[in-house]
Amino acid sequence: MKTLRLAALGPVLALLAACATAPEPAHPQDAFLARLNALCGQRFEGRVVTEDPADADFRNSRLVMHVRDCSANEVGVPFAVGEDRSRRWIVTRTAAGLRLKHDHRDEQGVIHGYHMYGGDTAEAGAASRQEFPVDRESIDQFIAGGAQVSTTNVWAM
């Protein structure tokens, strides 16, 4: 939630602004999804901060996420690694919490590589951070594809 400083405009405007601001949801996962929705339409560039050799391709590429496809219960976030735009993160509200899945498709929309892997939150988390431990379906997919190293993944947003 952005905070506006209205002191220079007088106490009446500050009071009106405070009344117009919706309170942040009480549950951390609801607040997290609301905060993600508030970013809808925006793009962000990032970088890899680990020295893990497995991250070398990402570390040497431009990383851009675009928050879009937003609704109260789901947000889609296309993620580009250099010129590779095959990745999309999907955060969905479930009955028990939040789910993160990775949707991988080529330019024609054809599924390639690992697809729809991810996991569900195991704890309430915070309004600013949620963790998604790998789920059983994803573990099975990683084992079948020879990526045992990914069977203990925990993704954090």
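Fair warning: this is a prediction, and the values are worked out from it, not measured in the lab.

**Some details on the pairing of strand E5 (residues 84-93)**
Move 1: Taken together, the seven bridges between strand E4 (residues 74-81) and E5 define a ladder with antiparallel strand orientation. Looking across to E5, one finds that valine 75 is bridged to valine 91.
Move 2: Connecting E4 to the next strand, E5, in antiparallel fashion are two residues, including glycine 82 with a positive phi near 60°.
Move 3: Where E5 and strand E6 (residues 98-104) come together, seven bridges link them in antiparallel fashion. Bridge pairing in E6 links tryptophan 89 to histidine 102.

**Details of the environment of glutamine 42**
Move 1: Topologically, glutamine 42 is positioned in the loop between helix H2 (28-38) and strand E1 (43-46).
Move 2: Its relative accessible area of 31% is what places glutamine 42 among the partly exposed residues.
Move 3: Distance in space between the C-alpha atoms of glutamine 42 and arginine 68 is 7.6 Å, their sequence separation being 26 residues.
Move 4: Not counting the four nearest positions on each side in its chain, glutamine 42 is found in contact with Met65, His66 and Val67.

**A closer look at the pattern of salt bridges**
Move 1: Scanning all chains against the criterion turns up 12 salt bridges.
Move 2: Where arginine 93 meets aspartate 30, a salt bridge forms, and the shortest distance between an N and an O atom there is 2.3 Å. Here the residue arginine 93 occupies a position in strand E5, and aspartate 30 occupies one in helix H2, the gap between them amounting to 63 residues.
Move 3: Assessed through its relative accessible area of 34%, aspartate 30 is described here as partly exposed.
Move 4: Measuring nitrogen to oxygen at the nearest pair gives 2.6 Å for the salt bridge that ties arginine 99 to aspartate 120. Linking arginine 99 in strand E6 with aspartate 120 in strand E7 (residues 117-120), this pair joins segments that are 21 residues apart in sequence.

**Some details on the state of the cysteines**
Move 1: One pass over the full model with this rule turns up one disulfide.
Move 2: Between the sulfur atoms of cysteine 40 and its disulfide partner cysteine 70 the distance amounts to 2.1 Å. Because the sign of the S-S torsion sets the handedness, a value of about 105° for the bond joining cysteine 40 and cysteine 70 places this disulfide among the right-handed ones. One end of the pair, cysteine 40, is in the loop between H2 and E1; the other, cysteine 70, is in strand E3 (residues 68-70), with 30 residues separating them in the sequence.
Move 3: Relative accessible area serves as the criterion here: at 34%, cysteine 40 is assigned to the partly exposed category.

**Focus: the confidence of the model for the protein chain**
Move 1: Of the residues in the protein chain, 84% have a pLDDT of 70 or more, and the chain-wide mean is 86.
Move 2: Scored below 50 in pLDDT, residues 1-20 makes seven contacts in the model with residues more than four places away or belonging to other chains.

What counts as what
- Residues numbered from 1 in each chain as written.
- Predicted model: local features only at pLDDT ≥ 70, side-chain atom pairs only at ≥ 80, totals over all residues.
- Heavy atoms only, no water.
- Pairing = 2+ DSSP bridges.
- Helix = DSSP H or I, 4+ residues; strand = E, 2+ residues; numbered from the N terminus.
- Buried < 20%, exposed > 50% of the residue type's maximum accessible area, 1.4 Å probe, protein only.
- Contact = heavy atoms within 4.5 Å.
- Salt bridge = Lys/Arg side-chain N within 4 Å of Asp/Glu carboxyl O.
- Disulfide = S-S within 2.5 Å.
- pLDDT = per-residue confidence, 0-100.

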